[in-house]
Amino acid sequence: MKKFFALMCAVVLMGIGTTYAMDGTPEVGDKYVDVELKDANGNTIAVSDLLAEGKWVLIDFWATWCGPCRQAMKLIDEIKPELQKKGVVFGYLTGETSPLEKWEGMIATIEGDHYRITNKQWGALCSSLGLRGIPSYMILNKDGSTAYDNFKTGGYPGSEVLQNQAEVALTK
């Protein structure tokens with residue numbers, strides 16, 4: 001599962017779609033770019049290999065110092081078990097503004113796959129996705145296309161919105 005999410009994060013970092021809106025941000029339905037990358041263990045993985053697992057991914061963009069992010073995580077925990085049973089993978093992505101020691105301590109209590117990227121990667125990611133603030137969320141279909149994001153508005157959209165968007169993605 002960690003390999004799957006790592007690849008999806010790499011896809012996000014490399015520019016998810018092959019088609020983009022006029023402002024350069026991915027649109028719902030944009031496809032992933034198939035790439036081969038090395039995981040933390042040095043194994044080479046292709047996105048297409050992992051998508052064969054048929055998983056949907058909910059990515060939470062957050063930071064340790066962000067009170068609304070931490071509060072939203074508690075609310076998401078209420079919908080997480082049901083969505084996980086249906087094949088949704090939860091991933092959490094933060095940058096270096098989250099101090100390493102604090103991040104390591106916090107992720108021990110947050111079920112999901114966790115990644116901390118460099119400030120340069122975070123800046124490029126925010127720019128390429130049009131990410132305006134945190135918390136922000138993205139749901140990827142099992143084919144790697146974007147099912148939902150709230151990058152233009154940011155903030156916690158509510159558990160009902162995330163659950164409904166995930167449920168719609170699960171039907172595709």
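Here, the structure is the one placed above.
As a starting point, this report considers the structure included with it. (Residues numbered from 1 in each chain as written. Predicted model: local features only at pLDDT ≥ 70, side-chain atom pairs only at ≥ 80, totals over all residues. Heavy atoms only, no water.)

Details of the pattern of salt bridges
Side chains carrying opposite charge are able to pair once their charged atoms draw close together. Taken as a whole, this structure holds three salt bridges when the rule is applied. Linking D77 and K80 is a salt bridge whose minimum nitrogen-to-oxygen distance equals 3.2 Å. Assessed through its relative accessible area of 38%, D77 is described here as partly exposed. Where K86 meets E167, a salt bridge forms, and the shortest distance between an N and an O atom there is 2.9 Å. Of the two residues, K86 is situated in the loop between α4 (80–85) and β4 (88–94) and E167 in helix α7 (residues 159–170); the sequence distance between them amounts to 81 residues. Since its relative accessible area comes to 38%, K86 is described here as partly exposed. Each of E82, K86 and E167 takes part in one network of salt bridges that share partners. (Salt bridge = Lys/Arg side-chain N within 4 Å of Asp/Glu carboxyl O. Buried < 20%, exposed > 50% of the residue type's maximum accessible area, 1.4 Å probe, protein only. Helix = DSSP H or I, 4+ residues; strand = E, 2+ residues; numbered from the N terminus.)

Details of the sheet that holds strand β6 (residues 136–140)
Spatially, five strands are ordered β5-β4-β3-β6-β7 in an open sheet, and the strand pairing comes out mixed. Since the sheet does not close on itself, it has two edges, and those belong to β5 (113–116) and β7 (146–149), each with one partner. With strand direction ignored, the average angle separating the axes of adjacent strands in the sheet is 20 degrees. Pairing geometry for β6 and β7, over three bridges, is antiparallel. Residue pairing across strands places L140 opposite T146, the latter belonging to β7. Helix-sheet contacts for helix α5 (residues 100–107) involve β4 and β5, and the interaxial angle to β5 is about 175 degrees. (Pairing = 2+ DSSP bridges. Axes fitted to C-alpha atoms, helices over the stretch in contact; angles between N-to-C directions. Contact = heavy atoms within 4.5 Å.)

Focus: the pairing of strand β3 (residues 56–61)
Of all six residues making up β3, six are buried, and the element is well covered by its neighbours. As paired elements, β3 and β4 share six bridges and run parallel to each other. Within β4, the position partnered with I59 by the bridge is G91. With five bridges connecting them, β3 and β6 associate as antiparallel partners. Across the sheet, L58 pairs through a bridge with I139, a residue of β6.

Let's talk about the pairing of β4
Counting buried positions along β4 yields seven of seven residues, so the element is predominantly enclosed. Burial along β4 is two-sided: the face carrying V88, F90, Y92 and T94 and the face carrying V89, G91 and L93 are both buried. Here four bridges tie β4 to β5, and the two strands are oriented parallel to one another. Within β5, the residue paired with G91 across the bridge is D113.

As for unusual backbone geometry
Look at the link from I134 to P135: it is a cis peptide, with omega at 0 degrees. Here P135 is to be found in the loop between α6 (119–129) and β6.

Here's the deal with the environment of K55
Inspection of the secondary structure puts K55 in the loop between α2 (47–51) and β3. For the pair K55 and L170, spaced 115 residues apart in the sequence, the C-alpha separation amounts to 9.2 Å.

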